[in-house]
Amino acid sequence: MRACVLKAPAPVESGPLEWIETPMPEPQAGEVLIRVRACGVCRTDLHVVEGELPVRRPHVIPGHQVVGIVESGPLPAGTRVGVPWLHRTCGVCEYCRTARENLCDRPEFTGWTVNGGYAEYLVAPADFVYPIPDQFDDIAAAPLLCAGIIGFRCLRLAELSNGARLGLYGFGAAGHVAIQIARHWGVDVYVSTREVKHRKLALELGAQWAGAADEEPPVRLDAAIMFAPAGELVPPSLHALKKGGRLILGGIHMSAIPSFSYELIYQERMMRSVANNTRDDGREFLRIAAQIPVHTQTETFPLREGNRALQTLKRDGVRGAAVLVAV
Ligand SMILES: [Zn+2]
Ligand SMILES: [Zn+2]
C-alpha cells in the first residue's frame, strides 16, 4: 500500500512526509483491517510531524480521524467505521478501571504510537472504532473523530447550562463543531480568533460576537474553551471569566503560559486541561452530532498531499477542517 510516512520530524514547510510504498498492515487478534476513505487533518498531526510531540514510533504514518471500510477482522466486512486518536487502552490500570480511560497509563494513540490514516489501509482494535452515523458522508464525518470528540469533551467539562455564556479561543476544526453543539444546548457563544475568515464563519454559525485573538468579549463568561495552542492567551481568557468560571484547555500541546497575578484565578475560577477522550465521549458525541445534525465545513486534499494539507493548517488557511481523501 501507499502512505504518507514521516521519515524524521521537521518543519512542515520542508515536506517531511513522503508518499511511498510501505508494507500492508496485518491485523492482530481483535483488530480490523480498514480501507481508508478519508482522514481528517488535526493540529496534533502537525505537532507529531514537526516534533513538538516526541517520536514514539519511528517512520510513523500520522492521522487519527479516519473514516474507512472494514475489510477483515471481528466486524462484518463492508462496515463503515471511524478510527479516533485513542487507539487502545490497557483496560486494567486505575484510570481504566474508574471510567477515566482517557488517562490510561499505557495507552496507544493512532498516528503517533501506532500508524494512522494518512494511508490506504490501517488496522485498529474493533473495540475502539465507532460506527459512523448514516447522516454523514465520509468527508463530513472525518473531522468529527477528533476535533468533534475532543471539542465535545471540552464542552462537557465546561459544565454549561441553558443560557450560559461560553468563550471559544481559536476557531478551527474543533471550534466550528463545538459552537453547533453549544448553540443546540441554548448556550451563547463568544469567539476570539486571529483570522478574519474564522470570525466570519463563527458569526455564520450563530456566535453572539467574534473578535481578535486576545480581544475581550463584551460580556463576562461562565466558561471558556481554548483551542488555540497559545499559552499567552491564558491570562486574558481568565480575565474574561465570571467568578467561579471555568477555563478548559483543549490542546495536547501549548506554548508556555506566562505568569499572571493571583486575582485572575481567585474567586474560584478554575483552569483544566483536557487529555484525549473516553469511548463514552465518542459515542455520545456522535449520537448528538447525528441528531442535531452537525454540519462540518471541510477543505479536501488528495491523500498523498499530507504535507500541503498541514502547511495550509499551520498558516490558519483552512476554513473549518482539512480532510485527506483517498481516490
Ligand atoms: Zn489503562
Ligand atoms: Zn486530533
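Residues numbered from 1 in each chain as written. Chains lettered and ligands numbered in written order. Predicted model: local features only at pLDDT ≥ 70, side-chain atom pairs only at ≥ 80, totals over all residues. Heavy atoms only, no water.

A. Spatial organisation of the nonpolar core. In terms of nonpolar packing, the biggest core is built from 52 residues, with L166, L168, V191 and F285 touching the most fellow members. What L166 contacts, discounting residues up to four positions off in sequence, is L155, L160, A182, V187, D188, V189, Y190, L221, A223, A224 and I225. Counting residues in hydrophobic clusters, the runner-up holds 44 residues, among them I34, L46, A119 and F301. (Core = buried A, V, L, I, M, F, W, Y, C linked by side-chain atoms within 4.5 Å. Buried < 20%, exposed > 50% of the residue type's maximum accessible area, 1.4 Å probe, protein only. Contact = heavy atoms within 4.5 Å.)

B. A look at the sheet that holds strand β11 (residues 188-192). Taken in spatial order, the 6 strands line up as β12-β11-β10-β13-β14-β15 in an open sheet, and their pairing is parallel. The open sheet terminates on both sides in strands that have one partner only, identified here as β12 (209-211) and β15 (270-273). Sheet twist, expressed as the mean angle between neighbouring strand axes with direction ignored, is 15 degrees. Where strand β14 (residues 241-249) and β15 come together, 4 bridges link them in parallel fashion. Note on β15: the bridge partner recorded for I248 is R272. The strands that helix α3 (residues 147-157) touches are β10 (165-169), β13 (221-226), β14 and β15; relative to β14, the one it contacts most, it runs at about 155 degrees. (Pairing = 2+ DSSP bridges. Helix = DSSP H or I, 4+ residues; strand = E, 2+ residues; numbered from the N terminus. Axes fitted to C-alpha atoms, helices over the stretch in contact; angles between N-to-C directions.)

C. Inspection of the packing of helix α1 (residues 43-50) against helix α8 (residues 306-314) at higher detail. Interhelical geometry of α1 versus α8 gives an angle of 110 degrees and a closest axis separation of 10 Å. Considered as vectors, α1 and α8 are oriented roughly perpendicular to each other. Seen along the crossing, α1 lies across α8 with a hand that is left-handed. Contacts between α1 and α8 involve R43, D45, L46, V49 and E50 from the first element and L310, L313 and K314 from the second. Tallied by class, residues from the contact of α1 with α8 come to 4 nonpolar, no polar and 4 charged. (Parallel < 35°, antiparallel > 145°, perpendicular 65-115°, else oblique. Left-handed = near helix turned anticlockwise from the far one by under 90°. Nonpolar A, V, L, I, M, F, W, Y, C, P; charged D, E, K, R; others polar.)

D. Local environment of the pattern of salt bridges. Using the criterion set out here, one finds 20 salt bridges in the structure. The partner of D138 in a salt bridge is R37, and the shortest N-O contact between them spans 2.8 Å. Placement of D138 in helix α2 (residues 138-141) and of R37 in strand β3 (residues 31-41) is noted, with a sequence separation of 101 residues between them. With a relative accessible area of 32%, R37 lands in the partly exposed category. Here D222 ties to K242 by a salt bridge, and the two come within 3.0 Å at their closest N and O atoms. You can see D222 sitting in strand β13 and its partner K242 sitting in strand β14, a full 20 residues away along the chain. The exposure class assigned to K242 is partly exposed, which follows from its relative accessible area of 31%. Look at the salt bridges and you will find they share partners, linking R153, R156, D280 and D281 into a network. (Salt bridge = Lys/Arg side-chain N within 4 Å of Asp/Glu carboxyl O.)

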